[in-house]
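A structural walkthrough
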Amino acid sequence: MSWLFPAVLSTLIGCTLLSVAYGYLYYAYRKKFLALWFLAWAVHSLRYIFLLIIIANGNSPALSFASLSMIVISLYFLYTGTSEFIEEKISPIWQGAFVLVLAWTALAVFFNYSFLMLNIPLFGFFACVDIWVGYSFLRSDFSTGVGKRVVGITFIVWGLHQADYPFLRPVEWFAPFGYMIGTTCAIIIALGMLILFFERMRSELDFQKTRLRQMFDSASYGIALADPATGTVIDCNTVFAEMLERDMSEIIGTKQKDFHPVEEHEENFTHTFKQHLQEKSGETLVSKLVTASGKIIDVEIKATLVDLENKQFLQGFFTDISEKRKTELELENLQHLYRETEKVGKVGGWEVDIASLKIKWTEEVYRIHEVDSRTFQPTLETTITFYTPTSRSILEKAIQRAIEFDEPYDLELEIQTAQGNLRWVHTIGKVDRDQHKVVGFFQDITKRKIAEDALLESEITFRKLFEGSSDPILLIDGSGVFVECNQAALDLLKMTREQFLLLPPTKISPEFQPDGRRSDEAAQEMIALAYSKGRHRFDWTCVNAAGDEFIVEVSLMPVMIKGQNMLHTTWRDITERKQAEEDKLKLESQLQQAQKIESIGQLAGGVAHDFNNMLGVILGHTELALMEADPASPFVDDLEEIRSAAKRSADLTRQLLTFARKQTITPKVLDLNDTVTGMLKMLQRLIGENIQLIWNPGAHLWAVNIDPSQLDQILANLCVNARDAISGIGKITIQTRNCSFTESDKKAHPEAQQGDFVQLSVSDDGHGISKENLDQIFDPFFTTKDFGQGTGLGLSTVYGAVKQNRGFIEVTSEVGHGTTFHIYLPRKLTIVEPVEEIIVKPLRQGTETVLLVEDDQMFLKLIKTMLEKGGYAVLAASTIDGAISLAKEHPGPIHLLLSDLVMPEMNGKDLRDILQVIRPEMKVIFMSGYTADIIAQQGVLDEGTHFLQKPVSYEALTSKVWEVLVQN
């Protein structure tokens, strides 16, 4: 194996050179992986030294172990250095494996294991390490170049070659080639690692350059590099370019002096640059730069010499101090202004030396004391004497505390000047321990004190007026809260000052104002209007501490107080006025309603009067025809239908008269409880079995004076209306009670008169009446029922009957919750009359003479025919004069006057008075469709007066005539 020695020697030389190279690089760059690689190749060189010794002197266990252990150690350093280079941590498993392999090598060598038994584990481990390192290289991201892949693949190839060593080493002819492959791989790896190292260094250098450039450009001040010989700018940062309002390309290559005003070219910069070259030192100076727009800015420059690439450059640091210079100039102006202001404001200063007690005054202090600064030398004693006794005591204590305890003072004191004038001064003093002095401020405030005294007097006067006002006065500040008020406001709100102040208006207001607006929104709107208009007046509802609402007339006026915008607010309690206005509107509405109903009643009464005459003619002639007709005649049924229709028409007319309060009635003193009790069966049949009728009579009920037939009408109409308002099953409640009204009840019951009343109430749980319909329910012919289901006269009849009996009616209703009618009838202070039993008297043929007076010819003819058919002799007259003539000229007796009440020439009552003078024995019956106020107040008949309501039937006529004639 003659080739082995020179091969090992040359490999030794190569490894030694590599170790020297890595050692130098470590010395230069101080990288840990370079140190490990240096150790790897140094230990690898030792391995070849031991191998040369073995070749020269023969092998021994110690030399063999030394050679093999060098391979293990070298590989360990190579592995750890490479892991450090690619920034991958070494697993403890690998470290343990190296120790085990080293132990195995010693065991196999010294116990003389066979070649294969020694080398298979050893070189198998070497192969694993090299392949793992190659794999780690390839998957690492420290580089993306070809060098990384070459080194990684070479490591893997070297590992594979290590694996075949135990098997190919004994083959004699292959040994040189195997050695050459291993050595070549090692050299490629070593050189590749060097190349990768330099690639990394170049990358880091580029990164550093970029970072430096970024720092250069991101500096907060301008930086420029210039050739000191020529003054040419070779580089600058963006701040310097922005400072000059130029692009960097415009600056680089330009003479630095071109950026300065002409007058500074030689004077400052050329001199400064030469000084830097000669003395290698710099100085900070203030200069000016001219921007691209021609604006001149102040800059502060610090220039230094720097070495770059073995050449010196002048580096300038530029700071824009334009704002600083501007501030300094403003400060100078302010100082000048302060000096001038001190003169104008009559403000002086003073100081006292703590050690010597010497005093210094400014010129203004001399002037305030009215002494000459040229001749008067102030001392502590003389200074104190200027103060009045009270002020002197205060000042002495203040100065003592200031000197002993460093306690500053701020006083307003009174002095008497050298000229004998009294003045007020404001003096401030504090201790300056650094200067061992007490320094202070001194100002003449005499005019201000006089003004303050006047203001205080004015405020006292204002406070008296403010608190003495009977109207509430308040102040609202800019944040919208009350900050001041007088006692009148607190009395109205029933609050203390502490409870009220700092509250916003919404805290003393209901959630909503009467117009529906939210109080918080409305308050903001009113305040905004006051500020915009200068004055604003409106009504506002408030709530006092007791929860009672009241209404005030608010007047808001913006005022400026102590530099703040506020609202001067005055209130005037208008609760009673508002209530009076509401009551007036309510009364006007009721008057209009009453006038409307009265007008309708007048119209209805007039129509009913004429209509009754026509109905009387129809009904009378129909009855006469029926009396003469054969019952078997086919015309009898038609006549009956005519009479039935005429009676229904008469009933309808009677309802109109009731509404118009022109129906003639005969009231009786009744107990409502007894009367209603007697009607319950009839009312139950009227409303039906599906509706429960509840009767709640009041105890000890007072008597009332009313026509029983009208009470029947009232209850029947109200119960029918209640029945129609109930869908399906329901209940109607009738109840009575006594009640009395005073003047204070007028608000709750506007129609009530002072006195005692009996209340009759009818309630139902039906669908109720809408607010829109409540004002119309008593109007004639108004109905909410379907066509053909009602005449619209039921409630108007009730209204007329109640009013005719000097009562009043109230309605409460809510849709979905039913309706209640309260009827109030005045109390009657008499004994209740028993209800007379009606006895039907038999008809008889008359023989007496009747004077008939009627202005309607048709009705006159009809009544004359009926009376004659009843056997009476009839003297008929259609005029007043005719009646009087008949009364005078008729030779025989006239037993009865049957007269219409309303006639064109004279009413029936006056006619009766005239005829009874002529024939005093003559009895009288009046007829009318209505009575108006002719014979009775509100249609109530006078006692002893006989009356027939038109239209009149034959039976009613003849019965009434017979009844009057047979009376004693």
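Rules behind the numbers
- Residues numbered from 1 in each chain as written.
- Predicted model: local features only at pLDDT ≥ 70, side-chain atom pairs only at ≥ 80, totals over all residues.
- Heavy atoms only, no water.
- Helix = DSSP H or I, 4+ residues; strand = E, 2+ residues; numbered from the N terminus.
- Buried < 20%, exposed > 50% of the residue type's maximum accessible area, 1.4 Å probe, protein only.
- Contact = heavy atoms within 4.5 Å.
- Areas by Shrake-Rupley, 256 points an atom, 1.4 Å probe, with all protein chains shown as cover.
- Lys, Arg positive; Asp, Glu negative; His and termini not counted.
- Salt bridge = Lys/Arg side-chain N within 4 Å of Asp/Glu carboxyl O.
- Polar contact = N/O pair within 3.5 Å; in protein donor to acceptor, adjacent residues only side chain to side chain.
- Phe/Tyr/Trp six-rings, centres within 6.5 Å; stacked < 30°, edge-to-face > 60°.
- Pairing = 2+ DSSP bridges.
- Axes fitted to C-alpha atoms, helices over the stretch in contact; angles between N-to-C directions.

This next bit is on the overall build of the protein. On a plain count of helices and strands, the protein comes out with 28 helices and 27 strands. Counting across all 968 residues of the protein, residues that qualify as buried make up 42%. Considering only residue pairs separated by 6 or more positions, the protein has 60% of its internal contacts joining residues 24 or more positions apart. Looking at the protein as shown, the accessible area adds up to about 52,500 Å², and 57% of this sits on carbon and sulfur atoms.

On to the side chain of aspartate 477. When you line up the elements, aspartate 477 lands in the loop between β11 (473-476) and β12 (482-485). Summary of buried charges: aspartate 477 has no salt-bridge partner, and the nearest side chain of opposite charge, lysine 562, is 12 Å away. In terms of polar contacts, aspartate 477 uses its side chain to reach the side chain of serine 479, at 2.8 Å. When sequence neighbours within four positions are dropped, the list of residues in contact with aspartate 477 reads Val483, Tyr531, Asn565 and Met566.

Counted by the stated rule, this structure contains 21 aromatic pairs. The interplanar angle of 65° and the centroid separation of 5.3 Å between the aromatic rings of phenylalanine 33 and tryptophan 37 together place this pair among those described as edge-to-face. Note that phenylalanine 33 and tryptophan 37 are positioned in helix α2 (residues 32-57) at a spacing of four residues, about one turn of the helix. Owing to a relative accessible area of 6%, phenylalanine 33 belongs among the buried residues under this scheme. Relative accessible area serves as the criterion here: at 0%, tryptophan 37 is assigned to the buried category. Put simply, the rings of Tyr76, Phe77, Phe98 and Phe125 touch in pairs and so form one group of aromatic residues.

Overall, antiparallel pairing links the five strands, which are arranged β12-β11-β15-β14-β13 in an open sheet. Lying at the two open borders of the sheet, with one neighbouring strand each, are β12 and β13 (536-543). Between one strand axis and the next, the sheet turns through 30° on average, direction left out of account. Pairing of strand β14 (residues 549-561) with strand β15 (residues 564-573) involves 10 bridges; the strand directions are antiparallel. Looking at β15, one finds that leucine 556 is bridged to threonine 569. On top of the sheet, helix α15 (residues 446-468) reaches β11 and β12; it is set at about 90° to β12, its chief contact. In the packing of helix α18 (residues 519-533) onto the sheet, contacts are made with β11, β13, β14 and β15, and the angle to β13 comes to roughly 155°.

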